[in-house]
Amino acid sequence: MPDKVMTAAEAVGLIRDGDVVGLQAGPTQCAPMSLVRALVRAGRRDLHAVSLSGSMALDWLATSGALTRLTTAAVTMESYGMCRQVRRAVESGVVGFEELSETALLARLGAAARGLPFLPTRGMLGSDLLSVGNAHLAVIDDPFGGPPVVACQALRPDVALLHAHRADADGNVAVDPGPRHPMTTLLPRASDRVVVSVEEIVDADTLREHPEQTILPSFAVDAVVLAPYGAHPTSLFPRYDYDAAAFQAWVDASRDPADAEAFLASYVHGPATHDDYLALVGADRLSALTMERAS
Amino acid sequence: MSGAKRSTEAQPGDAPSTSYSVDELVVSRLAAELADDDQVLNGLSSFVPVCAIELARRTHAPGLVWVAGGTGVSPSHPRMTASTFEWPLWDSALMYVDVATELWDWVADPRRFRTFFAGAAQLDAFGNANISVVGDYHRPRVRLSGTAGLADMSVLDKRIVYVVTDHDPRTLVERVDFRSGVGFLDGYGERARRGLGGGPALVVTNLAVFDFAPSSQRMRLRTVHAGHTVDDVLAATGFVPVIADDVTVTPAPTVAQVALLRDEIDPEGYRRRGFPAR
C-alpha cells in the first residue's frame, strides 16, 4: 500500500486550475483551513467551490482571486455575519453563485456518490431558486403518479478537502466520537480525489482499537496531510473551539478589500508551512482553545 | 417523557410580568407555539428561537424534542454562546444526528417537526421570505447569506413561524425581491393549488403579531405589543395588512418566564441581538 502522507503543498498539487473543489465546512466548524491556506499559496485559479454552509475558507478563496464559482446553500460566519469578500465578488460579477436548498445540494452530491444522473427533492418547489435558469435543476413528474419533484443533477467535485482527527499512512481516516459533519462522509464519496488533513497520524493497529470511529477506507483517500490544529480558526469538536478573536479579526479586516488582502498576506502567504502558521498564532492562544474534555 | 408535574393551581410566577423587555415578550410568544408532543430544530444565529425552545421545554412542553444546532438531540444543559450551532448548545445531547443522512429524513414526515422558527431579510404580505438576494439574482445589489434549509422547510407540510426583530418597511414588504422561503405565493389559495401543504402560520415582530387571513392569505394583524398602537405598526409596515376585528394587546410574559430567561436560559442576553437599541 503506498504511503499517502505528504505535505500540504504536495497535496494541493492534486488540484488543478478550473477544478471543482468540495469543502467540508460549517460556519465556525471543522473546515480544512490548513489545506485552504496551501491552496491559496499555490495560486490556483478559476476554482468552483462546493460547500454546504461555508464561511471563512470561501472568503479567503474569494480574496485571493482563486474563486470563480460557488455552489452552496448558505455562506455565513453565523453571528460574525455574511462573508463580505464573497458578497463583494458576487455583487461585482467575479464569482457566480449557484444557490441550492440543503436537500438539493445533498441530492446533487448524493447522485454523484451513487453514480446516478440525478436525485430528486421536494425542496424549492414554488421558490425562485427554480426560476433563475439553473440548468442543473428540473421539475419533473413523478413517474408513479405523485406530485412533481425537483431533479438535481449529479455534481462530482474533482477534489474534496476535509479535516479529520486522525489517519494512518495508508489513508484510513478516523474521527473522535461526536457528531459527524455531513460533508465528512458524503463529500468524499461524491468526489474524484480526496485530500484529508488530520490532527495526528497513527498506525493501523491504533485504528483497529476503534473501527467504529473509522469513516473513510484507504481506497477512498489520495492524500493525508499532518496538520495539528488544522481546522483553526474553525473548531474541531471535541478537540478545540473556534477562535473568536481570529473570526473578529477577519470580520474587521474584510470591511475593506485592501485590509482583507493584508490579512491574507500576514496569515496565509506569510507562513510558508503549517508549523509556521501555528508559530504565528502562538502556543498560548491554541492552548486556550483546547477543550478540556478532549482525551 | 417524565417531565416534572406542574400543579394546575395558579402559581405566583404565572402572573404577568410588569417589567420585561421586547425580546422576552417575543421569546414568550414563540414558546407558546411549541407543543409538548412535537419536535423542533433551530437554525443558525437563532438566539430568540433557541431561547423560546428552551423556555417551552422548561415550562409547558417538557416532552418537546429539540435537535439543538441541528446536531444534538435534547441536550440536558444547553449553554448559550455567540453560536446556535456550536458544541456548548448540544454537547449534553442524548444522541447526535447527521444532517445529510438523518435529519432531513425525520423532517420529511409531516407528523414530525411541525413548527419551525425562521428569520428573513425581507418578508412579504403573503409570507414569502427572502434571504438570498436584493436586486437581480445573477448580479445582485446585495448578496445575502442564502436559503440554507428554508427553501426545504417552507415547502414541506410545516407551520413556519417568522421572527422579525427589526419591524420596518424595508423588512416587511409588499413583495420580496426573491422567494427563498415559500409562503402563500400570491395568496388566494395558490400554495394549495401547487400541491403544497403547510405554510407560514405566524409572524412575531418587535412590534406586533400577525397571522394570515383565511381567504386572501395576506398577513393579518392580531395583537400589538404594549406601548405601541395599531397606527405605529401600520406605519412601520411596508404593505397594508389585513386588520383583525379584535386586535388586542400581546400577552405579557409571566414573571416565571422572565426569571428563567434572565437567570438560567440566557444570562448573557444573546436574545437581545438584532432588536433595535432603545
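Because the structure is a prediction, the values reported are computed rather than measured.

A.B. asks: Please explain the nonpolar core as it appears in this structure.
C.D. replies: Considering soluble globular proteins, one finds that nonpolar side chains tend to be buried as a cluster. Counting residues in each nonpolar core, the largest one holds 168 residues, and the members touching the most others are W60(A), V86(A), L161(A), V196(A), W250(A) and L30(B). When residues of this core are assigned to their parent elements, the largest contribution, 8 residues, is made by helix α2 (residues 47-58) of chain B. Beyond its immediate sequence surroundings of up to four residues, V86(A) is in contact with L58(A), D59(A), A62(A), L70(A), V75(A) and F97(A). Counting residues in hydrophobic clusters, the runner-up holds 10 residues, among them Y229(A), Y240(A), L278(A) and V281(A).

A.B. asks: Sorry if this is basic, but what is going on with the pattern of salt bridges here?
C.D. replies: Between side chains of opposite charge, a pair can form as their charged atoms come close. Going through the model one piece at a time under the given rule, you end up with 30 salt bridges over all chains. Across the pair D243(A) and R285(A) runs a salt bridge, and its minimum N-O distance is 2.8 Å. Of the two residues, D243(A) is situated in the loop between β12 (223-226) and α8 (244-253) and R285(A) in helix α11 (residues 283-289); the sequence distance between them amounts to 42 residues. On the basis of relative accessibility, which here comes to 3%, the residue D243(A) falls in the buried class. Since its relative accessible area comes to 30%, R285(A) is described here as partly exposed. D252(A) serves as the salt-bridge partner of R255(A), at 3.2 Å between the closest nitrogen and oxygen. With a relative accessible area of 47%, R255(A) lands in the partly exposed category. A relative accessible area of 37% means that D252(A) is categorised as partly exposed. Through salt bridges with shared partners, one network takes in D23(B), E24(B), R262(B), D266(B) and R271(B).

A.B. asks: Is there a simple way to think about the side chain of D176(A) in this case?
C.D. replies: Structurally, the position occupied by D176(A) is in the loop between β9 (173-174) and α6 (182-190). Every residue in contact with D176(A), bar those within four places of it in the chain, is listed here: H165(A), R166(A), Q213(A), P238(A) and R239(A).

A.B. asks: In this structure, what is going on with the pairing of strand β2 (residues 47-54) of chain A? I would like to understand it.
C.D. replies: Along a regular strand, successive side chains alternate from one face of the sheet to the other. Residue and element names in this part refer to chain A. Buried residues dominate β2, accounting for 8 of its 8 residues. Pairing of strand β1 (residues 20-23) with β2 involves 3 bridges; the strand directions are parallel. In the sheet register, V21 faces β2, and the bridge partner there is A49. The parallel pair β1 and β2, bridged by helix α2 (residues 33-41), forms a crossover whose chirality is right-handed. Of the strand pairs in this sheet, β2 and strand β3 (residues 67-75) are connected by 7 bridges, and their pairing is parallel. Within β3, the residue paired with S51 across the bridge is T72. Remark: the β2/helix α3 (residues 56-64)/β3 crossover connection has right-handed handedness.

A.B. asks: Whenever I open this one, unusual backbone geometry confuses me. Can you help?
C.D. replies: Excluding glycine, residues mostly have negative phi values, and the peptide bonds linking residues are mostly trans. Residue and element names in this part refer to chain A. Residues H232 and P233 are joined by a peptide bond in cis, for which omega reads 10°. Here P233 shows up in the loop between β12 and α8. P238 follows F237 through a cis peptide bond whose omega is 0°. Along the chain, P238 turns up in the loop between β12 and α8. Non-glycine residue D46 carries a positive phi angle of around 65°.

A.B. asks: Before we go on, may I ask you to explain the interface of chain B and chain A in this structure?
C.D. replies: The parts lose accessible area when they come together, and the size of an interface is often stated as this lost area. Each partner contributes to the interface: chain B provides 45 residues, whereas chain A provides 44 residues. Summed over both partners, the interface of chain B with chain A comes to about 3700 Å²; 56% of that surface belongs to carbon and sulfur atoms. Contact with chain A buries area across many residues of chain B, yet E86(B), W87(B) and R143(B) alone supply 17% of it, more than any other trio. The tally of links from chain B across to chain A stands at 1 salt bridge.

A.B. asks: Help me understand a nonpolar patch on the surface, please; the structure alone is not making it clear to me.
C.D. replies: Residue and element names in this part refer to chain A. On the surface, V5, I201 and L226 cluster together to form a nonpolar patch covering roughly 220 Å² of accessible area. With respect to the helices, strands and loops of the structure, L226 is situated in strand β12. By relative accessible area, L226 is classed as partly exposed at 46%.

A.B. asks: Before we go on, may I ask you to explain the sheet that holds strand β7 (residues 149-153) of chain A in this structure?
C.D. replies: The strands making up a sheet are joined through hydrogen bonds of the backbone, oriented either antiparallel or parallel. Residues and elements named next belong to chain A. Spatial strand order, β5-β7-β6: 3 strands in an open sheet with antiparallel pairing. Pairing within the sheet leaves two strands with one partner each, and these edge strands are β5 (118-121) and β6 (137-140). Averaged over all adjacent pairs, the angle separating strand axes in this sheet is 30°, with direction ignored. Examined bridge by bridge, β5 and β7 share 4 bridges and lie antiparallel to one another. Pairing of T121 across the sheet is with V150, part of β7. Together, β5 and β7 form the strand contacts of helix α5 (residues 102-114), whose direction differs from that of β5 by roughly 150°.

A.B. asks: I keep staring at the packing of aromatic side chains and nothing clicks. Help me out?
C.D. replies: The geometry of an aromatic ring pair is captured by two quantities: the separation of the ring centres and the angle between the planes. Summed over the entire model, instances satisfying the criterion amount to 15 aromatic pairs over all chains. Residues Y80(A) and Y242(A) carry aromatic rings whose centres are separated by 6.2 Å and whose planes lie at 85° to one another, so their mutual orientation is edge-to-face. Linking Y80(A) in the loop between β3 and α4 (84-91) with Y242(A) in the loop between β12 and α8, this pair joins segments that are 162 residues apart in sequence. For the residue pair Y80(A) and Y242(A), the accessibility class agrees, reading buried in each case. Here F237(A) and Y96(B) contribute two aromatic rings whose centre-to-centre distance is 6.3 Å and whose plane-to-plane angle is 80°, an arrangement assigned as edge-to-face. Residue F237(A) is located in the loop between β12 and α8, and its partner Y96(B) is located in strand β4 (residues 95-96); the two belong to separate chains. Classification of F237(A) by relative accessible area gives buried; the value is 13%. When its relative accessible area of 26% is taken as the criterion, Y96(B) is described as partly exposed.

Definitions and cut-offs
- Residues numbered from 1 in each chain as written.
- Chains lettered and ligands numbered in written order.
- Predicted model: local features only at pLDDT ≥ 70, side-chain atom pairs only at ≥ 80, totals over all residues.
- Heavy atoms only, no water.
- Core = buried A, V, L, I, M, F, W, Y, C linked by side-chain atoms within 4.5 Å.
- Buried < 20%, exposed > 50% of the residue type's maximum accessible area, 1.4 Å probe, protein only.
- Helix = DSSP H or I, 4+ residues; strand = E, 2+ residues; numbered from the N terminus.
- Contact = heavy atoms within 4.5 Å.
- Salt bridge = Lys/Arg side-chain N within 4 Å of Asp/Glu carboxyl O.
- Pairing = 2+ DSSP bridges.
- Right-handed = clockwise from strand over helix to strand, strands pointing away.
- Buried area = accessible area lost by both parts, 1.4 Å probe.
- Patch = residues over 30% accessible without salt bridge, like charges linked within 9 Å, V, L, I, M, F, W, Y side chains within 5 Å.
- Areas by Shrake-Rupley, 256 points an atom, 1.4 Å probe, with all protein chains shown as cover.
- Axes fitted to C-alpha atoms, helices over the stretch in contact; angles between N-to-C directions.
- Phe/Tyr/Trp six-rings, centres within 6.5 Å; stacked < 30°, edge-to-face > 60°.

Any link to function would need more than the numbers given here.
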